[in-house]
Structures are given as structure tokens and as C-alpha cells.
Amino acid sequence: NAGVTQTPKFQVLKTGQSMTLQCAQDMNHNSMYWYRQDPGMGLRLIYYSASEGTTDKGEVPNGYNVSRLNKREFSLRLESAAPSQTSVYFCASSEGYGREQFFGPGTRLTVL
Amino acid sequence: RKEVEQDPGPFNVPEGATVAFNCTYSNSASQSFFWYRQDCRKEPKLLMSVYSSGNEDGRFTAQLNRASQYISLLIRDSKLSDSATYLCVVVGDSGNTPLVFGKGTRLSVIA
């Protein structure tokens, strides 16, 4: 079992460029999440998908879109990257809403 | 009051010491609690769930105090490898936030 995988591991973008962060889990979990983590800020929830076919905004959704492609995959898209989106992005999954979450290794994104 | 609050530390302790962290939460209706560990530049990993009666896993003990709305983590016989940031996690009180993560308490175990 790979658990939760994320691609890419590192990315550098220029302001205004777009990109999609990919996340997949092989634990047959129903719920998936995207967080960002900045120094001193802790983890902040961007979007989540409580179950396949649903997505909801978290604490900091502005500038992002998500797609729950199927039960395994949950992608995060930055349409027009801004320097304020420089961060470490973690994807997580859980068996159900409110259950313990398991994290992927993260994507380190720098926007110049 | 913030939903989940932790002392950021750092806690600097010698090897073999016992150290305890507390975490307070604001939602008295919260039912689920967890401790996660995060190493520098790595993802958070589940350390243990916190049960109402308290629970132990080797050198780690977690306690819940509902009356005062806090959870605690006790680490006995600290090892160098315990150096990390420990995140307190509570099921959120908002329909949009399934779990609420504290900002973490940093622990450094010194030889």
C-alpha cells in the first residue's frame, strides 16, 4: 500500500501561471482533503471532499479549485498563481468525515 | 477563543526526561481527539487517538479532560527521535471543517 501519494514533490511557478496538484489514495477512503501549511500558521484547510461526487470549501479556498475525479483521486488547481500561494500543500484522506486523516508527503510550491 | 490552542514551545528536554503537553479546545461538543507528530519538512502522521478513559501506547499517554476542555500528551523516557512538532487535533464545530488542527508544540530532546 502506497497510502496517499502526491505529485509533483516540488514546483516553481511564475505569477499568473496555472498548475494542477495531483493526489491519489489506495486505502479506499471516502473523504479527501487539501491543506496548505505556512510557517507559523499551522495547517489550513483549502477544500475537502466528504465523499465521491461532493466538494466543499474549507478555511482558505480563494484562488483554488478542486476536482474529485473518482474515489481515489482528488486534484487541486491553481488557475493563476500568486506569490501568496507559495506554501507546502498536503493532501489527506480518511475513512469518513471526522475520522483520523492520513497525509501524503506534500508538494513544495514556490510562486515567483 | 481559538478552536484549538497549543503552547508553541519549544520544549527543550534532556534524554530520559518526562514531558507533557496540553491542548485546549473551545467546542464542548467535540467527540474525537487525536495527537499527530510532524517532523521537519515532512507530513503529519497520526500518533494516537485520545479516548475518554485515557490511553497509553508504549511511552506515550494521552488524556482527555472534558470538564476543562483540554487533552494532554505525556512522553516518558524521551528519546532523541521524539524531537518533532506535536499537533493536537479536534473534530471541528463547523460543518465546513471536519478536523481542526492546532499549530503544534515543538519538542527538542537533547543528548
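The rules behind each value
- Residues numbered from 1 in each chain as written.
- Chains lettered and ligands numbered in written order.
- Predicted model: local features only at pLDDT ≥ 70, side-chain atom pairs only at ≥ 80, totals over all residues.
- Heavy atoms only, no water.
- Helix = DSSP H or I, 4+ residues; strand = E, 2+ residues; numbered from the N terminus.
- Rg over C-alpha atoms; globule rule 2.2 N^0.38 Å.
- Buried < 20%, exposed > 50% of the residue type's maximum accessible area, 1.4 Å probe, protein only.
- Contact = heavy atoms within 4.5 Å.
- Areas by Shrake-Rupley, 256 points an atom, 1.4 Å probe, with all protein chains shown as cover.
- Lys, Arg positive; Asp, Glu negative; His and termini not counted.
- Charge placed at Lys NZ, Arg CZ, Asp CG, Glu CD.
- Disulfide = S-S within 2.5 Å.
- Pairing = 2+ DSSP bridges.
- Axes fitted to C-alpha atoms, helices over the stretch in contact; angles between N-to-C directions.
- 1 Å grid on protein atoms, 1.4 Å probe; cavity = no way out; pocket = protein on both sides within 12 Å on 5 of 7 lines; lining within 4 Å.
- Points joined across faces, edges and corners; volume = space filled by probe spheres on them.
- Nonpolar A, V, L, I, M, F, W, Y, C, P; charged D, E, K, R; others polar.
- Buried area = accessible area lost by both parts, 1.4 Å probe.
- Salt bridge = Lys/Arg side-chain N within 4 Å of Asp/Glu carboxyl O.
- Polar contact = N/O pair within 3.5 Å; in protein donor to acceptor, adjacent residues only side chain to side chain.

### As for the overall build of chain B
The helix and strand tally for chain B stands at 0 helices and 11 strands. Traced from its N-terminal end to its C-terminal end, chain B shows the element sequence β-β-β-β-β-β-β-β-β-β-β. For chain B, whose C-alpha radius of gyration is 14 Å, the value lies close to the compact-globule estimate of 13 Å for 111 residues. C-alpha extents for chain B along the principal axes are approximately 45 × 30 × 20 Å. For chain B, the residues scored as buried account for 48% of the 111 residues in total. Pairs at least 24 residues apart make up 57% of the contacts formed inside chain B by residues separated by at least 6 positions. Of the roughly 5,400 Å² of accessible surface on chain B, 46% is carried by carbon and sulfur atoms. Chain B carries 12 positive and 11 negative side-chain charges, and their two centres are separated by 3 Å.

### Remarks on the state of the cysteines
By definition, a disulfide links the sulfur atoms of two cysteines through a covalent bond. All names here are of chain A. One pass over the full model with this rule turns up 2 disulfides over all chains. The disulfide bridge from Cys 23 ends at Cys 91, spanning 1.9 Å between sulfur atoms. With the S-S bond torsion at -70 degrees, the cross-link from Cys 23 to Cys 91 turns out left-handed. One end of the pair, Cys 23, is in strand E3 (residues 19–25); the other, Cys 91, is in strand E9 (residues 87–94), with 68 residues separating them in the sequence. Cys 91 carries the same exposure label as Cys 23, and that label is buried.

### Digging into the sheet that holds strand E8 (residues 74–78) of chain A
All names here are of chain A. Spatially, E1-E3-E8-E7 is the arrangement adopted by the 4 strands of the open sheet, whose pairing is antiparallel. Since the sheet does not close on itself, it has two edges, and those belong to strand E1 (4–7) and strand E7 (64–68), each with one partner. In this sheet, neighbouring strand axes are inclined to one another by 20 degrees on average, regardless of whether the strands run parallel or antiparallel.

### Digging into the layout of surface pockets
Of the volumes computed, that of the largest pocket is approximately 1,200 Å³. For the lining of the largest pocket, the elements supplying multiple residues, two or more each, are strand E4 (31–38), strand E5 (42–49) and E9 of chain A together with strand E1 (4–6), strand E9 (84–91), strand E10 (99–101) and strand E11 (105–110) of chain B. In the lining of the largest pocket, the residues fall into 15 nonpolar, 13 polar and 12 charged.

### Examining the sheet that holds strand E6 (residues 55–57) of chain B
All names here are of chain B. An order of E1-E3-E8-E7-E6 is seen for the 5 strands of this open sheet, with the pairing classed as antiparallel. A single partner strand is all that each edge strand has here, and the edge strands are E1 and E6. Within the sheet, the average angular offset between the axes of one strand and its neighbour, ignoring direction, is 20 degrees. Two elements, E1 and strand E3 (residues 19–25), share 3 bridges in a ladder whose sense is antiparallel. Across the sheet, the residue bridging to Val 4 is Tyr 25, located in E3.

### Some thoughts on the interface of chain A and chain B
The partner chain B presents 19 residues to the 22 residues of chain A that form the contact. Together chain A and chain B conceal approximately 1,600 Å² of surface at their shared face, both sides included; 56% is due to carbon and sulfur atoms. In this structure, the connection of chain A to chain B is made through 0 salt bridges. Counting the contacts that link chain A with chain B gives 3 residue pairs in polar contact (both at pLDDT 80 or more). No other element matches E5 of chain A, which puts 4 residues into the side of chain A that touches chain B. Here the residues of the side of chain A that touches chain B are counted per class, giving 11 nonpolar, 7 polar and 4 charged.

### Here's the deal with the side chain of Asn 27 of chain B
Locating Asn 27 of chain B in the fold gives a position in the loop between E3 and strand E4 (33–38). Within polar-contact distance, the side chain of Asn 27 of chain B engages the backbone nitrogen of Ala 29 of chain B at 3.0 Å.

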